[in-house]
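So you can see what is in the structure, the chains are spelled out below.
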Amino acid sequence: MKVYYSEAHRKHAPPFEVFDGGLRVPYLENPDRMDRILNALRGTDWAEVTEPTDFGLDHIYAVHDKDYVDFLASSWTEWLATDSQDKSALLPATFALRRHPQKPASLLGRAGYYMMDLSACIVEGTYQAALAAANCSLSAAQTVAGGERSAFALCRPPGHHAGKDYAGGYCFINNASVAANWLSSEGKVTVLDIDYHCGNGTQDIFYEREDVLTISIHADPNFEYPHFAGYADERGKGKGLGFHHNFPLPAGTDDAAYLNTLDRALELIRNFKPGYLVVSAGMDIYADDPLGKIKVTTDGIKGIGKRVASLAVPTVIVMEGGYNNDALGRNVIGLLGEFK
Ligand code: SP5
Ligand code: ZN
């Protein structure tokens, strides 16, 4: 299996994030995550680690507003030119209510407009790392469009919380959505998001489209991040009505309950008959994840891989979350091993 990976992710290593209550903690979405997965893949005889192709910006502008991408591109330089005391990461303390959106000119005003929380810290290499991650998912899409059964985008920063014009939840460019949109010119596409958190960005990007079925299985937003999206009654809009599905799960969900829910999602995919599948593969559903409250084991993750592979649809697998670094390698191998 082709695994697309770029060293550029190392340029994005924010010194901290801010938890609820204002606590500064070490950035959980860190470069070590990739090293753990790479090491595990290098121990197999089927993973072929490959540099991504540079696809340029047009496929990113097809999913994200150009003004937002411009903000990602210039904000670090602008941040250095401000008189802020601590410039270790660009992070605003004021956020836009999109119920009353006004886009101000100032850097911190735009940062609050374009960010949804205190985890999408921008540092010097964020934009380059985010572009490289999108190139990994586009390269994986191209490989699958070229006839391979599957390909893996081993990328960070992750993408599924990033919407058309916002960053959040460690995400800046929605890698899975950029790949799904690219594939959609060749036929119907499904995005299946198994990250522990609702893929709110992917949901927003395709909410009014009927040619891309989006499905997210995640911890119930009534108690978990991202709080404001991911409820079962969000089903799409306009032509897209009926082409989005959320499966919110209670805390403590075990392998059997998770796989039952997955089977319901897979039935929707079978009925939709997509030409391509994009899996937003977060490993934070794992029982011992520091952010998660769902109790899926490594065997459960293998079970997910086996079931999704049984759809027999050409599949792009895109790395999303997963913060138990010790377990990341074996969990990713558990999922991918069913596709090789
Ligand atoms: C891609 C991805 O998985 N993003 C997740 C971002 C979640 N950020 C919100 C974290 C909420 C922290 N709650 C503290 C619980 C510590 N036990
Ligand atoms: Zn997550």
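Refer to the structure printed above.
Residues numbered from 1 in each chain as written. Chains lettered and ligands numbered in written order. Predicted model: local features only at pLDDT ≥ 70, side-chain atom pairs only at ≥ 80, totals over all residues. Heavy atoms only, no water.

Enquirer: Give me the lowdown on the coordination of the zinc ion (ligand 2), citing residues and values where you can.
Expert: Looking at the metal site, the zinc ion (ligand 2) is ligated by Asp 195 (OD), His 197 (ND1) and Asp 284 (OD), spaced 1.9 to 2.0 Å from it. Coordination at the zinc ion (ligand 2) is tetrahedral: its four donor atoms span angles of 97 to 135 degrees at the metal. Read from N- to C-terminus, the donor residues coordinating the zinc ion (ligand 2) fall into the pattern D-x1-H-x86-D. Here the residue Asp 195 occupies a position in the loop between strand 6 (189-193) and helix 7 (200-205), and Asp 284 occupies one in the loop between strand 9 (276-281) and helix 9 (298-309), the gap between them amounting to 89 residues. (Donors = N, O, S within 2.8 Å, 3.2 Å for Na, K, Ca; no water. Tetrahedral: all angles 85-135°; square planar, octahedral: opposite > 155°, others 65-115°. Helix = DSSP H or I, 4+ residues; strand = E, 2+ residues; numbered from the N terminus.)

Enquirer: Any details on helix 3 (residues 66-80)? Residues and values, ideally.
Expert: With 15 residues, helix 3 should reach 21 Å at 1.5 Å per residue; the first-to-last C-alpha distance of 22 Å fits that figure. Considering bend angle alone, the principal kink of helix 3 is centred on Ser 74 and spans about 50 degrees. Restricting attention to buried positions, one finds in helix 3 the residues Tyr 68, Val 69, Phe 71, Leu 72, Ser 75, Trp 76 and Trp 79. For helix 3, the elements touching its buried residues are helix 2 (58-61), helix 4 (107-114) and helix 5 (126-145). (Expected span 1.5 Å × (residues − 1). Bend = angle between axes of the 7 residues up to and from the residue. Buried < 20%, exposed > 50% of the residue type's maximum accessible area, 1.4 Å probe, protein only. Contact = heavy atoms within 4.5 Å.)

Enquirer: An account of the packing of aromatic side chains is needed here, citing residue identities and associated values.
Expert: Across all of its chains, the model carries seven aromatic pairs by this definition. With centroids separated by 5.1 Å and ring planes inclined at 80 degrees, the aromatic side chains of Tyr 113 and Tyr 114 adopt a geometry described as edge-to-face. For the pair formed by Tyr 113 and Tyr 114, the shared burial category is buried. Note that Lys 188 overlies the ring of Phe 272, its terminal NZ or CZ placed 4.5 Å from the centroid. (Phe/Tyr/Trp six-rings, centres within 6.5 Å; stacked < 30°, edge-to-face > 60°. Lys NZ or Arg CZ within 6 Å of the ring centre and 35° of its normal.)

Enquirer: Describe the packing of helix 3 against helix 4, with residues and values.
Expert: With their axes 11 Å apart at the nearest point, helix 3 and helix 4 run at an angle of 135 degrees to one another. Relative to helix 4, the element helix 3 lies oblique. The handedness of the crossing between helix 3 and helix 4 is left-handed. Here Asp 67, Tyr 68, Phe 71, Ser 74, Ser 75, Glu 78 and Trp 79 of helix 3 come into contact with helix 4, specifically with Leu 107, Leu 108, Arg 110, Ala 111 and Tyr 114. (Axes fitted to C-alpha atoms, helices over the stretch in contact; angles between N-to-C directions. Parallel < 35°, antiparallel > 145°, perpendicular 65-115°, else oblique. Left-handed = near helix turned anticlockwise from the far one by under 90°.)

Enquirer: Can you lay out the site of ligand 1 for me, pointing to particular residues and giving the numbers?
Expert: Around ligand 1 sit 15 residues, and of these His 161, Gly 169, His 197, Asp 284 and Tyr 323 come closest. Between ligand 1 and Gly 169 there is a distance of 3.0 Å, counted from a nitrogen atom to a backbone nitrogen or oxygen. The contact in question runs from an oxygen atom of ligand 1 to an N or O atom on the side chain of His 197, over 3.2 Å. Out of a free accessible area of 510 Å², ligand 1 has 78% covered by protein chains. Of the residues assigned to the shell around ligand 1, the class counts are seven nonpolar, five polar and three charged. (Near = heavy atom within 4 Å. Polar contact = N/O pair within 3.5 Å; in protein donor to acceptor, adjacent residues only side chain to side chain. Areas by Shrake-Rupley, 256 points an atom, 1.4 Å probe, with all protein chains shown as cover. Nonpolar A, V, L, I, M, F, W, Y, C, P; charged D, E, K, R; others polar.)

None of this, on its own, says anything about what the molecule does.
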